Amino acid sequence: MTDRVVKVPDIGEGIAEVELVEWHVAVGDTIVADQVLADLMTDKATVEVPSPVAGRVTARSGNPGDKLAVGGELVRIALEGGTGAAIVATPV
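This report concerns the structure included in the present document. Just so you know, these numbers come straight off a predicted model, no measurement behind them.

Conventions we followed
- Residues numbered from 1 in each chain as written.
- Predicted model: local features only at pLDDT ≥ 70, side-chain atom pairs only at ≥ 80, totals over all residues.
- Heavy atoms only, no water.
- Helix = DSSP H or I, 4+ residues; strand = E, 2+ residues; numbered from the N terminus.
- Contact = heavy atoms within 4.5 Å.
- Areas by Shrake-Rupley, 256 points an atom, 1.4 Å probe, with all protein chains shown as cover.
- Pairing = 2+ DSSP bridges.

Section: the overall build of the chain
A tally of helices and strands in the chain yields zero helices and nine strands. Helices and strands appear in the chain in the N-to-C order β-β-β-β-β-β-β-β-β. When contacts within the chain are restricted to residue pairs at least 6 apart in sequence, those whose partners lie at least 24 apart make up 65%. Taken as a whole, the chain presents about 4700 Å² of accessible surface, with 48% of it coming from carbon and sulfur.

Following this line, the structure appears as structure tokens:
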């Protein structure tokens, strides 16, 4: 198994960080592609961040209320086979 790193997406508005509002997954959860991982908030909007891949959550960054840097690690997902690579999720 390899881990895929999902990074905090650039939601736009020229921001450098977002607030983690809520996790929708826990470490150890098996998830499917497009399942919502977390809610992130800027000064103007709250967005849901979907998973770009299916797998098992192996790590999460931060707790609700924490500020996360755009481009920083949001979550790690273990994939069955294949290669791991850092990707930026597209917010919904």
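Some points on the pairing of strand β4 (residues 36-41)
Both strand β2 (residues 17-23) and β4 contribute to a ladder of four bridges, which runs antiparallel. Paired with E22 across the strands is D39, a residue of β4. With five bridges joining them, β4 and strand β5 (residues 46-50) adopt antiparallel strand pairing. The residue bridging V36 from the neighbouring strand is P50, located in β5. Hairpin connection, β4 to β5: the antiparallel pair is bridged by four residues.

Geometry only, nothing functional implied.
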